[in-house]
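The residues making up each chain are set out below.
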Amino acid sequence: MASQDWVDKDFYKILGVAKDASDADIKKAYRKLARQHHPDTNAGNTASEKKFKDISEAYSVLSDPEERQQYDAIRAMGSGARFAPGGAAGGNGGFEDMFGGLFTGNTGRHAGGFNPSSGGIPPEFADLFGGFGGAPGFQRTPQKGADRTASTSISFAGSIRGTTIGLREPSGEVIDVRVPAGIKDGQKVRVRGKGQPGAAGNGDLVVSVSVQPHAFYTRDGDNLRIHVPVTFPEAALGADIEVPTIDGDRVKVRVPAGTPSGRTLRVKGKGVKTSKGAGDLLVTIDVAVPKNLNKDAEAAVKAFAEATSSADVREGLAAKARL
C-alpha cells in the first residue's frame, strides 16, 4: 500500500468505528461488513466488490498494532498537507521521503495468504464464508455432504441378537440398516454414504433406534433383570431352582435358606452379549403366597405359626418410623 493512500483513506470511517476503537470493536465491524459485501452474495455488484476490498484493506491495517500505530502517525502528520504526484510538498522533500523511514521491512500482514488488495479473507474469519464457497483468493477444503437422520423401532429380541431393517426412500429405494447385537434403546446407527451429496463425498444416514419393551426381561445396562417366584418352603429352607435365559436354555440358581422376597441373585455372563463382553442375569426372588389352602396345608401353616409365635418380625419398626 502506498503511503499516499494512508493519508487519503480514512480506515476508521470505512469500518464505521471510532479512532480509539478496541481490537474487538474493529474485528466485530469487519465481520459484519465482510458478510454484507462479500462478492459471493453480491454477484455482479461492482459497488459491493469495491466496498469489500476497502474494508479488507482497512482491517488489514487497523487489526495490526504496529501498522495501526504507523497509520495513525502518518494521518496525524499528513493531515492538511497537499502533495503533488512524485513531487514536493511546500518545497520540501516528497511524501515518500518524509515517511519512507516508517516502512522499512514488511510487517508480514500482506506477505502471507491475506492480501487485502485482492479482497481476500483473513484466516481468522474463514468461518464467515463456509456456506458461500470461499472468498476470492481463499482456498476452501472440499466438504462432505450433510448427514441425514431417521428413526426406527425394533423388537427386544432384535436388540439382543441384532437385526437388519429396511428404510424406504421417497424414491422407492430401500436402504438396509444393520443393527448390531446388544444395541440399547435410544442408541444410533450410522450408515456411511447415505446422506446428502457433497464435493468430498456423501454424508451419512444416522438412525435412532427405539427398542420395544419385553414382558419378562428388563434391560439394565448390559445386565438383564427378571423376577422369579419361589414357594415359602424354598425361600425358608433353601432350594435349587431353574430360570430361563435369553439363549433359550435354562440355568440353575441356588436360593439360600432364609432368602426374603425382593432379594436379587446374580448369574454371571447370562446378560446381554456385545462385542465388549457379556452382562449378568439379575434374578429377583418373589416369595409366592398361595391364595387357596386345602385343609392339610392350612393345618400345617397354623402349626408353623404356633411354632414361631415367639418371633416378632416387626420388632423395632416403631422406632424406625419415629420422626
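Conventions used here
- Within every chain, residues take consecutive numbers counted from 1 along the sequence as written.
- Local features in this predicted model are restricted to residues of pLDDT 70 or higher, and side-chain atom pairs are both shown and tallied only at a pLDDT of 80 or more, whereas totals for entire chains, interfaces and linings draw on every residue.
- Only hydrogens and water are set aside when side-chain values are computed; all heavy atoms of the structure are taken into account.
- Counting from the N terminus, the helices are the DSSP runs of H or I reaching at least four residues and the strands are the DSSP runs of E reaching at least two.
- Given a helix with a known number of residues, its expected span is that number minus one, times 1.5 Å.
- Two N or O atoms form a polar contact when they lie within 3.5 Å of each other; inside protein one atom must be a possible hydrogen donor and the other a possible acceptor, and for residues adjacent in sequence the pair counts only when both atoms belong to side chains.
- Any residue under 20% of the maximum accessible area for its type is buried, any over 50% is exposed, and the rest in between are partly exposed; the area is computed with a 1.4 Å probe on protein chains only.
- Paired strands, as defined in this entry, are two strands with at least two bridges between them according to DSSP.
- Angular values range over 0 to 180 degrees, each being the angle between N-to-C directions of two axes fitted as lines to C-alpha atoms, with helices fitted over their stretch in contact.

### Focus on helix 9 (residues 295-307)
Between the first and last C-alpha of helix 9 there are 18 Å, a value that for 13 residues agrees with the 18 Å anticipated at 1.5 Å per step. With a side-chain oxygen lying 3.2 Å from the backbone nitrogen of Asp296, the N-terminal cap of helix 9 falls on Asn294.

### Some words on the pairing of strand 13 (residues 281-287)
Within strand 13, 5 of the 7 residues are buried, which leaves it mostly tucked inside the rest of the structure. As paired elements, strand 7 (residues 223-230) and strand 13 share 7 bridges and run parallel to each other. By the bridge assignment for strand 13, His227 is matched with Thr284. In this sheet, strand 13 lies alongside strand 10 (residues 264-267) in antiparallel orientation, the contact comprising 4 bridges. What sits directly across from Thr264, in strand 13, is Thr284.

### Brief notes about the sheet that holds strand 5 (residues 205-211)
One open sheet holds the 3 strands; their spatial order is 1-5-4, and the pairing between them is mixed. Each edge of the open sheet is held by one strand with a lone partner, namely strand 1 (148-154) and strand 4 (188-191). Between one strand axis and the next, the sheet turns by 25° as a mean value, whatever way the strands run. Pairing geometry for strand 1 and strand 5, over 7 bridges, is parallel. Residue pairing for strand 5: Ile154 is matched across the bridge by Val211.

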